[in-house]
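Read off the chains here:
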Amino acid sequence: MTKVALRPYALLPRQYDERKVLATTIDPRGRALWLICPDARFPRRWAGRDVPAPVGLPFDALVVIDDGGRVRERTLHEVAVNPKAFDALPGGGFVLSGTMGPDAPSGQIFGPDGRSRRRFPLGTGLTHLVADHRTGFWTGYDDEGAYSGDRVSTDGLVRWDDRGNLTGVVRPPAPHHRVAGVSAVNVSPSAVHAVYWPGVPLVETGPGGTLRVRTLPVSDPSGLAIDADRLLLLGGTERGTGTAARTHAVHHLRLTADKAVLVGREELVFPNGDLVGRHARPVCRGPNVFLHTRRTLRQWWVLTSPRLFTRCGSGDVRHPPAHPVAPGAL
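Along each chain, numbering runs from 1 in the same order as the chain's sequence is written. Local features are withheld for residues below a pLDDT of 70 in this predicted model, meaning they are given only at 70 or higher, and side-chain atom pairs are given and counted only at 80 or more; totals for whole chains, interfaces and linings count all residues. Values shown for side chains rest on all heavy atoms present in the structure; no hydrogens or waters enter the calculation.

**Here we look at the overall build of the protein**
Using the following cut-off: Each helix is a run of H or I in the DSSP string that is no shorter than four residues. Each strand is a run of E no shorter than two, and both are numbered from the N terminus. Using C-alpha atoms as the atom set, the radius of gyration is obtained and then compared with a globule rule of 2.2 Å times the number of residues to the power 0.38. Each residue's exposure class comes from its accessible area (1.4 Å probe, protein chains only) as a fraction of the maximum for that residue type: buried when under 20%, exposed when over 50%, partly exposed otherwise. Here a residue-residue contact requires only that any non-hydrogen atoms of the pair lie within 4.5 Å. Methods summary: accessible areas were calculated by the Shrake-Rupley approach with a probe of 1.4 Å, and residue burial reflects only the protein chains presented.
When its secondary structure is counted, the protein shows 1 helix and 31 strands. For the protein, the C-alpha radius of gyration of 19 Å lies close to 20 Å, the compact-globule estimate for 330 residues. Overall, the protein is about 60 × 45 × 35 Å in size when its C-alpha atoms are taken along their principal axes. The buried share of the protein, taken over its 330 residues, is 52%. When contacts within the protein are restricted to residue pairs at least 6 apart in sequence, long-range pairs at least 24 apart make up 47% of them. Within the structure as shown, the protein displays about 14400 Å² of accessible surface, and the carbon and sulfur contribution to it stands at 51%.

**Looking at the packing of aromatic side chains**
The line we're drawing: Pairing of aromatic rings covers Phe, Tyr and Trp, the last through its six-membered ring, and needs centres within 6.5 Å; plane angles under 30 degrees mean stacked, over 60 mean edge-to-face, and all others mean tilted. Cation placement over rings: the criterion is NZ of Lys or CZ of Arg within 6 Å of the ring centroid and within 35° of the ring normal.
Inspection of the entire model under this criterion finds 4 aromatic pairs. A network of ring pairs unites the aromatic residues Phe120, Phe137 and Trp160 as a single cluster. Of note, Arg19 hangs over the ring of Phe42, and the distance from its end group to the ring centre comes to 3.9 Å.

**A look at the sheet that holds strand 1 (residues 3-5)**
Condition: Here the rule is simple: two strands pair whenever DSSP picks up at least two bridges between them. Convention adopted: a line fitted to C-alpha atoms gives each axis, helices being fitted over their contacting stretch, and angles between N-to-C directions are expressed from 0 to 180 degrees.
Strand order in the open sheet formed by 5 strands is 1-26-25-23-22, and the pairing between neighbours is mixed. Edge positions in the open sheet fall to strand 1 and strand 22 (223-227), since each of these has one partner strand only. On average, adjacent strands in this sheet sit at an angle of 30° to one another, irrespective of strand direction. With 5 bridges connecting them, strand 23 (residues 230-234) and strand 25 (residues 249-255) associate as antiparallel partners. By the bridge assignment, Leu234 is partnered in strand 25 with Val250.

**A few points about the pairing of strand 6 (residues 49-54)**
The buried fraction of strand 6 is high, at 5 of 6 residues. In this structure, strand 5 (residues 40-46) lies alongside strand 6, joined through 5 bridges in antiparallel fashion. In the sheet register, Arg44 faces strand 6, and the bridge partner there is Val51. Between strand 5 and strand 6, which pair antiparallel one after the other, the connecting turn spans 2 residues, and Ala47 there sits at a positive phi close to 55°.

**Description of the pattern of salt bridges**
Note the threshold: By definition, a salt bridge exists where a carboxyl oxygen of Asp or Glu is found within 4 Å of a side-chain nitrogen of Lys or Arg.
Applying the stated criterion to the full structure yields 15 salt bridges. Notably, a salt bridge pairs Asp161 with Arg163, separated by 3.1 Å at the nearest N-O pair. A salt bridge links Arg230 to Asp229; its shortest N-O distance comes to 3.8 Å. Arg230 gets classed as buried once you look at its relative accessible area, which sits at 7%.

**Here we look at the sheet that holds strand 12 (residues 116-120)**
Reading across from one edge, 9-10-11-12 is the order of the 4 strands in this open sheet, with antiparallel pairing throughout. Two strands lie at the open edges of the sheet, namely strand 9 (85-88) and strand 12, each paired on one side alone. If you compare each strand with its neighbour and ignore which way they point, the axes differ by 15° on average. Alignment of strand 10 (residues 94-97) against strand 11 (residues 107-110), held across 4 bridges, turns out to be antiparallel. In the strand pairing of strand 11, Phe94 is matched with Phe110.

**So, the environment of Leu232**
Along the chain, the position of Leu232 falls in strand 23. Remark: the alpha-carbon pair of Leu232 and Gly140, spanning 92 residues in sequence, is separated by 20 Å. Not counting the four nearest positions on each side in its chain, Leu232 is found in contact with Gly223, Leu224, Ala225, Val250, His251, His252, Val289, Leu303, Ser305 and Pro306.

**Thoughts on the nonpolar core**
Put simply, the test is: Residues grouped as a nonpolar core are buried Ala, Val, Leu, Ile, Met, Phe, Trp, Tyr and Cys residues, joined through side-chain atoms within 4.5 Å.
Leu35, Val63, Leu76, Val79, Phe86, Phe94 and Leu96 are the most contacted members of the largest nonpolar core, which has 18 residues in total. Elements supplying a minimum of two residues to this core: strand 3 (21-26), strand 4 (32-36), strand 7 (59-67), strand 8 (70-79), strand 9 and strand 10. Counting residues per element, this core draws most heavily on strand 7, at 4 residues. The contacts of Leu96, once residues within four sequence positions are left out, are Leu35, Leu76, Val79, Val81, Pro83, Ala85, Phe86, Ser106, Gly107, Gln108, Phe110 and Leu122. Counting 16 residues, the second largest nonpolar core, distinct from the first, contains Tyr16, Ala32, Leu62 and Leu297.

**So, the side chain of Glu238**
Heads up, the rule is: Polar contact is the term for a pair of N or O atoms within 3.5 Å; when the atoms are in protein, one must be able to donate a hydrogen and the other to accept it, and sequence-neighboring residues count only if both atoms are side-chain atoms.
Inspection of the secondary structure assignment puts Glu238 in strand 24 (residues 237-238). Glu238 gets classed as buried once you look at its relative accessible area, which sits at 14%. Separated by 2.6 Å, the side chains of Glu238 and Arg265 make a polar contact. Ignoring sequence-local partners within four residues, the contact set of Glu238 consists of Pro217, Val218, His251, Leu262 and Arg265.

So this is what it looks like as structure tokens:
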């Protein structure tokens, strides 16, 4: 099987203490963000690293922003949750998600000045928090949230504005309407794509709220990238093969009107050729899948979906894989 290599994308500068990073992401502008607790404790160890937590709540957090090699800092004042995920909002603020229950204010919105604007419940079983390019952010949930009875989490994929108001949900139509969770979400300037389970539909929603549903031959992928009619799925299991899920599997597919057709398989490796094993949940934006390993939140890598064929006259012309975009160029 052929191999495809990750490429380095962003690296937390060494003057910052990697052990104190609470969360990290790639925002809609392609900037790498790290949320740091200057006064952290380390109550447990997981996946080969010490897991930090604030000594007490509230606390002031430091946001380190890498914008194409230009590093800036922002301070978030009076953080009232123990953050597990965050993102930068289109208007210059930030949204944070903690680990509290459905009736507790597990979400927190900060304005461009770094001051808290609102606390609100973000639901149960949150696995995805991804800001969009226009007005707000999206959250996706696992089966714990779908079956919790919590009204926020039941539909699997929820849209919010930049003030923390719930503005809509995305639930596939029948026969895929019995949602048990969302395994992968991709937020681009023009559309949002999500893979639900069971049933393995790929659901696309555009700015007008219209839905398009396609069936997939791969179930439970951890990430997806999309470029025109080309789809890349990271991880998952090919349906009907009886094989176990492989985190390092890369599936290339071609989109049709109502489904996706598998056209190729590769193995995901690091630049040195080592297979990519267990990794954190990726951040997926357009043709790019950004990921880091579970052992460190310092290094971000990128996998870019290649446009394998371009229609030219009556034939298909093969092109080499596209190079990943430079940090900050999205």
